Amino acid sequence: MKSNTKEKNNNPKKNAGFYIALALCITAIGGAAWTTYSSVLDYQTPKEESSAQSEGSKPKDKPTDKTVSGLEYSKPESKTESSEKTANTILESSSESSEESSELSIEESSSESSEISQENENKFIKPIDGKIIKGYSPENPVYSKTMGDWRVHEGIDITADDGEKVRAYSDGIVKKVYNDELLGYSIEIEHNNGITMIYSGLSPTILVKEGESVSCGDYIGAVFTIPSEIMDEVHLHLTAKKDGKLIDAQAVLEKNA
């Protein structure tokens, strides 16, 4: 009987099965342990990620007026601010344009006034619109039909109709009104440009008086007769002086009038 019991305990097949079962149990326990460990890790990791995400999802501070991602940032303007700025810009532009226009108007007005003033100062016209039939000859005598001799001619003779009105050559002051035996009624006017004109051969009806100021183009009298030149065609005898000395009236008219 004893020998049979020993044989049963020493059976190699039964021993191998025991070890196999034991190995499987150990493997199963190890697998279960690994699974549990993995679950614990998975359970902790999402929390950390979730925590990180929750921190990342928190609203960041609003960007300042300085920089965003290294670039300069300026706060967007509201519609009201933009409209106000636009209106201010338009008003400033309009004001500048108005000032420039005003300055230009003042400059133009000043320029025009200066030109008008200069034009008035330098304004000259011919006393009458006739042609010159006898010129200035203070040294070389010319023949006089009326007097029947040769004599110097200190003025110029300008043809005109009998009674034609005579105009002031330029602005000036009437210095003398008189009746000359040889040249008839005469008016002496000292003009503003330094020239003195003597208008001779006028009718007794004189339109100006001594000391009176005249303007360029004012009527001062009318053409009549010249005693010493009555045989010549009807004309105005015009004499010019400067600084008290006789000068050529024709040259004065050609230069200025």
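A brief structural summary. (Residues numbered from 1 in each chain as written. Predicted model: local features only at pLDDT ≥ 70, side-chain atom pairs only at ≥ 80, totals over all residues. Heavy atoms only, no water.)

What to know about helix α4 (residues 249–256)
In step 1: Looking only at α4, the buried set comprises A249, V252 and L253. The buried residues of α4 occupy one face: seen down the axis, they fall within an arc of 95°. Of the exposed residues in α4, the ones pointing more than 90 degrees away from its buried face are E254 and K255.
In step 2: Close packing links the buried residues of α4 with β6 (156–159), β10 (195–202), β13 (235–242) and β14 (245–247). (Buried < 20%, exposed > 50% of the residue type's maximum accessible area, 1.4 Å probe, protein only. Helix = DSSP H or I, 4+ residues; strand = E, 2+ residues; numbered from the N terminus. Arc of directions from axis to C-beta. Contact = heavy atoms within 4.5 Å.)

Observations concerning the environment of T205
In step 1: Tracing the backbone through its elements, the reader meets T205 in the loop between β10 and β11 (213–214).
In step 2: Judged by relative accessible area, T205 falls into the exposed class, the value being 54%.
In step 3: With 19 residues separating them in the primary sequence, T205 and F224 have C-alpha atoms 9.9 Å apart.

Some thoughts on the pairing of β6
A regular strand carries its side chains on alternate faces of the sheet.
In step 1: The side-chain alternation of β6 yields two buried faces, one formed by I156 and I158 and the other by D157 and T159.
In step 2: Examined bridge by bridge, strand β3 (residues 132–134) and β6 share two bridges and lie antiparallel to one another. Each bridged residue has a counterpart across the sheet, and for K134 the counterpart in β6 is D157.
In step 3: In the sheet, β6 pairs with β13 via four bridges, with the strands oriented antiparallel. Considered in β13, the bridge of I158 is made with L236. (Pairing = 2+ DSSP bridges.)

Describing the packing of aromatic side chains
In step 1: This structure, assessed with the given rule, holds two aromatic pairs.
In step 2: Centre to centre, the rings of F124 and Y169 are 5.1 Å apart; their planes meet at 25°, and the pair counts as stacked. Of this pair, F124 sits in the loop between α3 (79–121) and β3 while Y169 sits in the loop between β7 (165–167) and β8 (172–180), placing them 45 residues apart in sequence. For the pair formed by F124 and Y169, the shared burial category is buried.
In step 3: Sitting over the ring of Y219, K165 keeps its end group 5.0 Å from the ring centre. (Phe/Tyr/Trp six-rings, centres within 6.5 Å; stacked < 30°, edge-to-face > 60°. Lys NZ or Arg CZ within 6 Å of the ring centre and 35° of its normal.)

With respect to the pattern of salt bridges
Between side chains of opposite charge, pairing is possible as soon as their charged atoms come close.
In step 1: Going through the model one piece at a time under the given rule, you end up with three salt bridges.
In step 2: With its nearest N and O atoms 3.2 Å apart, the salt bridge here joins R167 to D129. Linking R167 in strand β7 with D129 in the loop between α3 and β3, this pair joins segments that are 38 residues apart in sequence.
In step 3: For D129, a relative accessible area of 61% translates into the label exposed.
In step 4: In this structure, D232 and K134 form a salt bridge, with 3.5 Å as the shortest nitrogen-oxygen distance. Residue D232 is found in the loop between β12 (219–222) and β13, and its partner K134 is found in strand β3; the two are separated by 98 residues along the sequence. In terms of burial, D232 and K134 fall into one category: buried. (Salt bridge = Lys/Arg side-chain N within 4 Å of Asp/Glu carboxyl O.)

A short note on the nonpolar core
In step 1: Ranked by internal contacts, the top residues of the largest apolar core, which has 25 residues, are V166, M197, Y199, I220 and L238.
In step 2: When contributions to this core are tallied by element, the ones reaching two or more residues are β6, β9 (184–191), β10, β13 and α4.
In step 3: Sort the elements by how many residues they give to this core and β10 lands first, with four residues. (Core = buried A, V, L, I, M, F, W, Y, C linked by side-chain atoms within 4.5 Å.)

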